[in-house]
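Next come the chains, spelled out residue by residue.
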Amino acid sequence: MSELSMEQLTHEYFDVLKELGNIGAGNATTALAELINCKVDMMVPQVRLLEFSELGDLLGGEEQVLVGIYLQVEGDVDGSMMFTLPQESAMHLVNKLMAGMLGIPEKPIEEMEFGEMEVSAMKEVGNIITGAYLNALSTITNLKIYPSPPQLGIDYAGALLSVPAAEFGILGDNILLIQTKFSDDIDLDGYFILIPDMDSYQKILHALGVM
Amino acid sequence: MSEIIKVGMADWKVCSKEDGVTTLGLGSCVGVAIRDTSSGIGGLAHVMLPDSKDTINNTNRAKFADTGITDMVAELVKKGANMSKLVAKIAGGAQMFAFGSAKSDMVRVGERNVAACKAKLKELKIPILAEETGENYGRTVIFYPATGEYIIKAVGKPEKTI
């Protein structure tokens, strides 16, 4: 396996990485739709090579407050994955989920708070959909991918993204990510971001027979 | 006209005494604010990683505590700052997510960043007047070198000035 720079990787294998994002996020979106029993749309994934300074703008500005579910990935593929959505969207999602599970009517969004119960529900949502994403990835590449239990943070976009950024910072001055935006009928905008390390990108491409 | 200069992740900026410097959403990164108490010029470094020597590819010196702080201080001196009159305040270095054993070095990056910044400032004999570091939340900071005010904002917390 030859050493690739991130620039080369992004340009030469752009479409493959995009397709990978498509399959992973497609699976995750289906899982999400089943969970909340609602139609969820997914945008065409984007593969981006960004400078660290551009990261904040990615999710609507560094100061945008997001709910972020973050997990680390080990096995044949090393890296991390993040699933983010605006706090209001997270409320909406949890509300739908809890109403469905407990058979109670949905609360008005203004009355909701992000307490222990909501955090726990949100983590479970994260677990299910990131699991679906990584499962799809594992199946098509035939690589072992073990996710850690998810961690949840409610904070500035910049602060949440600094975690994967620091991991990438060891390797270079850019961050390569596969990003998929999804939304449902009402008020639910979020992103999946998959951030494998450089070796893992090469392993993934190799497993798919394109390298 | 005074302005607030924005510092991106893994970057630093210096400014004159009329202006301020800000960086948005510090997580595990550390915002190192340094000013010259005699002339009022200062700067802010957004440090992402502790040590440039740990890294395979270190083309961006601003990314690391050791090289980033050194370069910013050199620029301040070049702009007329008095080395013996420099003072610092630091903020950030949070642990955004609590993980167990996996990749523990990477998980503790916030803590390590803070330690590395302190070590570098000590080496340069720049006293740290105040700090707001650690914990598990992100911070947005604004620094006014003329007065030394370092304003820290966090989600769901009152604004704080150190």
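What follows concerns the overall build of chain A. Tallying secondary structure elements over chain A gives seven helices and eight strands in all. By the burial criterion, 56% of the 211 residues in chain A qualify as buried. Expressed as a percentage of contacts within chain A between residues at least 6 apart in sequence, the contacts between residues at least 24 apart total 74%. Just so you have it, chain A exposes about 8700 Å², and 49% of that area is on carbon and sulfur atoms.

For the rest of this paragraph, the subject is the sheet that holds strand β2 (residues 11-15) of chain B. All names here are of chain B. Ordered in space as β2-β5-β4-β6-β7, the five strands form an open sheet in which the pairing is mixed. What marks the edges here is a single partner per strand, and that holds for β2 and β7 (128-133). Strand-to-strand twist in this sheet, taken as the mean axis angle between neighbours without regard to direction, amounts to 10 degrees. Here strand β4 (residues 30-36) runs beside strand β5 (residues 42-47); their pairing, made up of six bridges, is antiparallel.

The next subject is the interface of chain B and chain A. Contact with chain B, which involves 36 residues of that partner, is made by 35 residues of chain A. Between chain B and chain A, the buried area comes to about 2700 Å², and carbon and sulfur atoms account for 64% of it. Run the count over chain B and chain A and you get four residue pairs in polar contact (both at pLDDT 80 or more). If you tally residues by element for the side of chain B that touches chain A, the top one is strand β3 (residues 20-26) of chain B, at three residues. Within the side of chain B that touches chain A, the residues separate by chemical class into 19 nonpolar, eleven polar and six charged.

Looking now at the layout of surface pockets. Here the largest pocket is characterised by a volume of approximately 320 Å³. Around the largest pocket sit 16 residues that line it, and Leu152(A), Gly153(A), Ile154(A), Asp155(A) and Asn136(B) are the ones nearest its centre. Looking at which element gives the most residues to the lining of the largest pocket, the answer is strand β6 (residues 151-156) of chain A, with five residues. Across the lining of the largest pocket, the residue classes break down as eight nonpolar, five polar and three charged.

Turning our attention to the confidence of the model for chain B. Model confidence for chain B is summarised by a mean pLDDT of 90, while 92% of its residues fall at 70 or above. Scored by ipTM, the complex comes to 0.85, with pTM at 0.83.

Before going further, it helps to examine the sheet that holds strand β8 (residues 139-144) of chain B. Residues and elements named next belong to chain B. On the basis of which strands lie adjacent, the open sheet formed by five strands has the order β1-β3-β8-β9-β10 and mixed pairing. A single partner strand is all that each edge strand has here, and the edge strands are β1 (4-6) and β10 (157-161). Along the sheet, successive strands turn relative to each other by an average axial angle of 20 degrees, direction set aside. One ladder, built from five bridges, connects β8 with strand β9 (residues 149-154); its direction is antiparallel. For Thr140, the partnering residue across the bridge sits in β9 and is Lys153.

What follows is about a nonpolar patch on the surface. A cluster of nonpolar side chains, contributed by Met101(A), Leu102(A), Ile104(A) and Met117(A), occupies part of the molecular surface with about 440 Å² of accessible area. Checked against the element boundaries, Leu102(A) lands in helix α4 (residues 87-102).

About the thresholds
Residues numbered from 1 in each chain as written. Chains lettered and ligands numbered in written order. Predicted model: local features only at pLDDT ≥ 70, side-chain atom pairs only at ≥ 80, totals over all residues. Heavy atoms only, no water. Helix = DSSP H or I, 4+ residues; strand = E, 2+ residues; numbered from the N terminus. Buried < 20%, exposed > 50% of the residue type's maximum accessible area, 1.4 Å probe, protein only. Contact = heavy atoms within 4.5 Å. Areas by Shrake-Rupley, 256 points an atom, 1.4 Å probe, with all protein chains shown as cover. Pairing = 2+ DSSP bridges. Axes fitted to C-alpha atoms, helices over the stretch in contact; angles between N-to-C directions. Buried area = accessible area lost by both parts, 1.4 Å probe. Polar contact = N/O pair within 3.5 Å; in protein donor to acceptor, adjacent residues only side chain to side chain. Nonpolar A, V, L, I, M, F, W, Y, C, P; charged D, E, K, R; others polar. 1 Å grid on protein atoms, 1.4 Å probe; cavity = no way out; pocket = protein on both sides within 12 Å on 5 of 7 lines; lining within 4 Å. Points joined across faces, edges and corners; volume = space filled by probe spheres on them. pLDDT = per-residue confidence, 0-100. Patch = residues over 30% accessible without salt bridge, like charges linked within 9 Å, V, L, I, M, F, W, Y side chains within 5 Å. Salt bridge = Lys/Arg side-chain N within 4 Å of Asp/Glu carboxyl O.

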